[in-house]
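Observations on chain architecture
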Number of protein chains: 2
Amino acid sequence: MRKVVIGQAGGPTAVINSSLVGFLENISAENEVYAVQDGYEGLVHEKYIKLEGKTLDWVKSRKNTTAACLGSGRYPFTEEKIEIAVSHLIKNGINTLVFIGGNGTMAALEKISQIAKAKGYLLQVIGIPKTVDNDLGQTDHAPGFGSAAKFVAYSTMDISLDLQSMKNFEQVRIIETMGRNAGWLALASGALRTNELQGPHAIYIPEKKFVVENFLQTVQEAVKEYGSTTIVISEGVEVDKGSQTYQTIVDGRTVLGGVSQYLQQIVKEHFGYNARAENLGMNQRCFSLAVSKKDQLEAYAVGKKAAELMKMGETNVMVSIEREDTKGYNCNLIGCKLKDVKDAGERILPSLFMEDTNKYYKWLSPLID
Amino acid sequence: MRKVVIGQAGGPTAVINSSLVGFLENISAENEVYAVQDGYEGLVHEKYIKLEGKTLDWVKSRKNTTAACLGSGRYPFTEEKIEIAVSHLIKNGINTLVFIGGNGTMAALEKISQIAKAKGYLLQVIGIPKTVDNDLGQTDHAPGFGSAAKFVAYSTMDISLDLQSMKNFEQVRIIETMGRNAGWLALASGALRTNELQGPHAIYIPEKKFVVENFLQTVQEAVKEYGSTTIVISEGVEVDKGSQTYQTIVDGRTVLGGVSQYLQQIVKEHFGYNARAENLGMNQRCFSLAVSKKDQLEAYAVGKKAAELMKMGETNVMVSIEREDTKGYNCNLIGCKLKDVKDAGERILPSLFMEDTNKYYKWLSPLID
């Protein structure tokens, strides 16, 4: 019998609950399992809830729902607070800590493991990947990304077709996507484009330098050619004076957003076009009608794999999705070292995909159904 | 054999093409049918396209797609231009004019009919209803509304649950919906609310006076009570000094939008909460993954009914959806006078639904699947 704590951290995804339930449904019934509320904050403030009876039933009932049912959130998880979290884990005799999260979470888990070890405490630590931005290293992709990419791809297709219907009234739409410093989501916007008339006519990603003059020229040429144009830009693109457009800063964390509004104004001022900014917003990570079935199933599978790794006694590992180079889509789940994930840092788009978007869309296709 | 012209006008909906195809698939093959491009503009500039062969096949293939496949758009359809449109219809020997549109379209059709009559020309005129705002009179509801309401209801539920996961970081989300001067869409945001914790905790509609002090108090109380709060506001609410927040004015038409941004700032300034504005944007009227099946089928049926009214020789009518007062959902399609639709003007929410939202949600339920 082991005492196990599991939590969710960072921005929710449409399938983060599937990973949670995938873990819970596949561990041995003899373990004593606690959920931690509100991510790292819950670790620091000992917000543990025993998962049994009706509580466990409720969590399991959330399997195919969006948002993080345990509460995730953001929290400045300083070294000092990590120390506190570890002392609570030790005090409560926790044997295994499992967290579902992104880059920050994997780095924090590794730190927790080190500190516990330094205190001579044997703590098993396992990470389950999730991010809509797909900026997590050491895995082909992360659960949550497929559903977000699906929302972005369908939205862009639909908003572009809608604009074509309206071109005598409105000429330019600038769609803003999530993605932080990586262009995975923004580039996904072109996945369902079937002809030249249909947008996006240009996609701006953080990996490439943004030049406002080139942007304006692209807009003008596209309006001339197609009567209207849909352009996509990632929230993380640095548009002006080398800085990103941000909405707010909370607890030292920059919340990106607003670049589409800024570009819409420039387009209006320069050309007098009727331009509209479309920030796809939170629906990218939570809209339940756009969940990718493949993503949901994989999210469950990585949770299940974490349960298996736990049983096998593995520690300091994150579940990783390894894609096989076969004709169809085929993946293996393996454990990779947390340290390697941390060292890989933010994973941006590889050159291969930026240079040949068709290669990217072929790679992406199975993830968005 | 009749010469028939059909067009689409105004903002597209997710099912406006279903109405078009419903008409085309149910008229006698001996008629000569033309599509008019880009709405009224096409009538003025004689942008007729004969629907036959591959062109007809292509239009029929658009049956279950969103956006307006003929082009709709907005166009200042002045009396002078209506005169020109009528003279073109006469010159081309058109017997029947059918348009799919909202309030403006039905008024324009009535005007066209009058002018033709005054010129001694027998023109059959039939209107097919569509609007996401549901502000069209003389019909229980209009096709297009159900899909938009479904998008709003699911988005609000999902964005609210997502916020609950994040409440240690973000406390307030203000969701902005379409709807122009009527609150149908905004009020639909609460249709899937199942418990007190879940938003929306308040819905602001244009039918009711907005008082900023009351709004701030509501936000503060909800954050205290639930830890976070999701609030919904219609784009048409007058928030400040008795005026609506608008994005731009094009060809004399006000494009509403921006009220959520404004309120987000007020909330931040007053309470220091991390607040976010979420404008649901164009996806409300075009997101293909949120189409209501019932809405799509009804859109087709009203198109089919227009074909029947044409055959019966009816004129100056709009297809109207009449709901029967039975236990289940049951509707009849009838023809109602264009003049009555015009005289009814913009249809706002009835008091019954504003006073008892459960009655509204019961009415709405079959339309959003």
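Preceding this section is the structure that the text describes.
Remember, it's a predicted structure, so these values are computed and weren't measured experimentally.

Cut-offs and rules
- Residues numbered from 1 in each chain as written.
- Chains lettered and ligands numbered in written order.
- Predicted model: local features only at pLDDT ≥ 70, side-chain atom pairs only at ≥ 80, totals over all residues.
- Heavy atoms only, no water.
- Helix = DSSP H or I, 4+ residues; strand = E, 2+ residues; numbered from the N terminus.
- Buried < 20%, exposed > 50% of the residue type's maximum accessible area, 1.4 Å probe, protein only.
- Contact = heavy atoms within 4.5 Å.
- Areas by Shrake-Rupley, 256 points an atom, 1.4 Å probe, with all protein chains shown as cover.
- Lys, Arg positive; Asp, Glu negative; His and termini not counted.
- Charge placed at Lys NZ, Arg CZ, Asp CG, Glu CD.
- Least-squares fit on C-alpha atoms with pLDDT ≥ 70 in both.
- Pairing = 2+ DSSP bridges.
- Axes fitted to C-alpha atoms, helices over the stretch in contact; angles between N-to-C directions.
- Buried area = accessible area lost by both parts, 1.4 Å probe.
- Salt bridge = Lys/Arg side-chain N within 4 Å of Asp/Glu carboxyl O.
- Polar contact = N/O pair within 3.5 Å; in protein donor to acceptor, adjacent residues only side chain to side chain.
- Nonpolar A, V, L, I, M, F, W, Y, C, P; charged D, E, K, R; others polar.
- Right-handed = clockwise from strand over helix to strand, strands pointing away.
- Phe/Tyr/Trp six-rings, centres within 6.5 Å; stacked < 30°, edge-to-face > 60°.
- Expected span 1.5 Å × (residues − 1).
- Core = buried A, V, L, I, M, F, W, Y, C linked by side-chain atoms within 4.5 Å.
- Disulfide = S-S within 2.5 Å.

**Re the overall build of chain A**
When its secondary structure is counted, chain A shows 14 helices and 15 strands. In terms of principal-axis extent, the alpha carbons of chain A reach across some 70 × 45 × 40 Å. The buried share of chain A, taken over its 369 residues, is 61%. Contacts in chain A between residues far apart in sequence, at least 24 positions, make up 74% of those at least 6 positions apart. As displayed, chain A offers around 14,200 Å² of accessible surface, 47% of which is attributable to carbon and sulfur atoms. Across chain A, 41 positive and 43 negative side-chain charges occur, with their mean positions spaced 4 Å apart.

**Some details on the relation of the copies chain B and chain A**
Mapping chain B onto chain A calls for a rotation angle of 180° and an axial translation of 0.0 Å; the resulting RMSD is 0.0 Å. The transformation just described matches what one would write down for a two-fold rotation axis. The position closest to the rotation axis in chain B is occupied by the C-alpha of L289(B), lying 3.2 Å away.

**Observations concerning the sheet that holds strand β15 (residues 331–337) of chain B**
All names here are of chain B. With mixed pairing, seven strands are arranged side by side in an open sheet as β3-β2-β1-β4-β5-β14-β15. Taken across any chain shown, the strands that pair with only one partner, and hence form the sheet edges, are β3 (48–50) and β15. Ignoring which end each strand starts from, the neighbouring axes of this sheet average 30° apart. As paired elements, strand β1 (residues 3–8) and strand β4 (residues 96–101) share five bridges and run parallel to each other. Bridging from a neighbouring strand, Q8 pairs with I100 of β4. Strand contacts of helix α5 (residues 103–118): β4, β5 (124–129) and β14 (317–323), with the helix running at about 165° to β4, the strand carrying the most contacts.

**Looking at the interface of chain B and chain A**
When the parts of a complex come together, some accessible area is lost, and that lost area is often taken as the interface size. With 50 residues of chain B at the interface, the matching set in chain A holds 51 residues. Summing both sides of the interface, chain B and chain A together bury roughly 4,100 Å²; the carbon and sulfur share of this comes to 53%. Run the count over chain B and chain A and you get four salt bridges. Here K167(B) makes a salt bridge to D38(A), at a shortest N to O gap of 3.8 Å. Viewed at the interface, chain A and chain B are joined by 18 residue pairs in polar contact (both at pLDDT 80 or more). Listing elements by their share of the side of chain B that touches chain A, those giving two or more residues are α6 (145–165), β11 (246–250), β12 (253–256), α9 (259–271), β13 (275–279) and α10 (283–286) of chain B. Residues that form the side of chain B that touches chain A fall into these classes: 19 nonpolar, 17 polar and 14 charged.

**Some words on the pairing of strand β2 (residues 32–36) of chain B**
Residue and element names in this part refer to chain B. β2 sits mainly inside the fold: five of its five residues count as buried. In β2, alternate side chains face the same way, and those of E32, Y34 and V36 on one face and V33 and A35 on the other are all buried. Of the pairings in the sheet, the one linking β1 to β2 comprises four bridges and is parallel in character. The residue of β2 that forms the bridge with I6 is A35. In this region the chain leaves β1, passes through helix α1 (residues 16–24) and returns to the parallel neighbour β2; the handedness of that crossover is right-handed.

**Thoughts on the packing of aromatic side chains**
Residue and element names in this part refer to chain B. As enumerated under the stated definition, the model contains 37 aromatic pairs over all chains in all. Consider the rings of F145 and W184, whose centres lie 6.3 Å apart with planes at 80°: the pair is edge-to-face. Of this pair, F145 sits in helix α6 while W184 sits in helix α7 (residues 184–188), and the two are 39 residues apart along the sequence. F145 sits in the buried class, given a relative accessible area of 0%.

**Digging into unusual backbone geometry**
Here the bond from G199(A) into P200(A) is cis, since omega is 0°, no more than 30 degrees from zero. Its location among the elements puts P200(A) in the loop between α7 (184–188) and β7 (202–204). Phi is positive for A67(B), close to 75°, though the residue is something other than glycine. Relative to the assigned elements, A67(B) resides in the loop between α3 (53–61) and α4 (79–91). Accessibility expressed as a relative area gives 4% for A67(B), which makes it buried. Unusually for a residue other than glycine, Q138(B) sits at a positive phi of about 65°. Since its relative accessible area comes to 39%, Q138(B) is described here as partly exposed.

**Notes on the side chain of D162(A)**
In this fold, D162(A) is placed in helix α6 (residues 145–165). Those residues in contact with D162(A) that lie beyond four places of it in its chain are R173(A), P12(B), A67(B), M282(B), R285(B) and C286(B).

**Comments concerning the sheet that holds strand β5 (residues 124–129) of chain A**
Note: strands within a sheet are paired through backbone hydrogen bonds, in either parallel or antiparallel orientation. Residue and element names in this part refer to chain A. The strand order across the open sheet formed by seven strands is β3-β2-β1-β4-β5-β14-β15, and the pairing between neighbours is mixed. At either margin of the open sheet sits one strand with a lone partner, and together these are β3 (48–50) and β15 (331–337). Averaged over all pairs of adjacent strands, the angle between their axes in this sheet comes to 30°, without regard to strand direction. Sheet analysis places strand β4 (residues 96–101) next to β5, joined by six bridges and oriented parallel. When the sheet's bridge partners are listed, F99 is paired in β5 with G127.

**Structural notes on α9(B)**
Residues that lie three or four places apart on an α-helix share one face, since the helix turns once every 3.6 residues. Between its terminal C-alpha atoms α9(B) stretches 18 Å, which fits the 18 Å expected from 13 residues at 1.5 Å a residue. Within two residues after α9(B), G272(B) carries a phi angle of roughly 70°, on the positive side.

**Remarks on the nonpolar core**
The biggest cluster of nonpolar side chains holds 72 residues, and the ones touching the most others in it are F145(A), Y360(A), L364(A), F145(B), Y360(B) and L364(B). Residue assignment for this core shows that the elements contributing at least two residues are α6, α7, α13 (351–355) and α14 (357–364) of chain A together with α6, α7, α13 (351–355) and α14 (357–364) of chain B. If we skip the residues at most four places from it in the chain, F145(A) touches T131(A), V132(A), D133(A), N134(A), W184(A), L185(A), D295(A), Y360(A), W363(A), L364(A) and L367(A).

**Observations regarding the state of the cysteines**
Defined simply, a disulfide is a covalent bond joining two cysteines at their sulfur atoms. Residue and element names in this part refer to chain A. Across all of its chains, the model carries zero disulfides over all chains by this definition. There is no disulfide at C69, and the cysteine sulfur nearest it, in C286, is 15 Å away. Free of any disulfide, C336 has its nearest cysteine sulfur in C331, 14 Å distant. By relative accessible area, which is 8% here, C336 ends up buried.

**Topic: the environment of K305(A)**
Residues and elements named next belong to chain A. As for its position among the elements, K305 is in helix α11 (residues 293–311). On the basis of relative accessible area, K305 is assigned to the buried category, the value being 17%. For the pair formed by K305 and M318, sequence separation is 13 residues and the distance between their alpha carbons is 9.8 Å.

**Quick word on the pairing of strand β13 (residues 275–279) of chain A**
Residues and elements named next belong to chain A. Summarising burial for β13: four of the five residues are buried, a large majority. Bridge count for strand β6 (residues 172–177) against β13 is five bridges, and the pairing is parallel. Looking at β13, one finds that E176 is bridged to N279.

**A few points about helix α8 (residues 212–226) of chain B**
All names here are of chain B. In a regular helix each residue adds 1.5 Å, so 15 residues correspond to 21 Å; α8 covers 21 Å between its end C-alpha atoms and thus fits that length. Check the buried side of α8 and you find it contacts β6 (172–177), β7 (202–204), β8 (229–234) and α9. Trailing α8 by a residue or two, G227 shows a phi angle of about 85°, which is positive.

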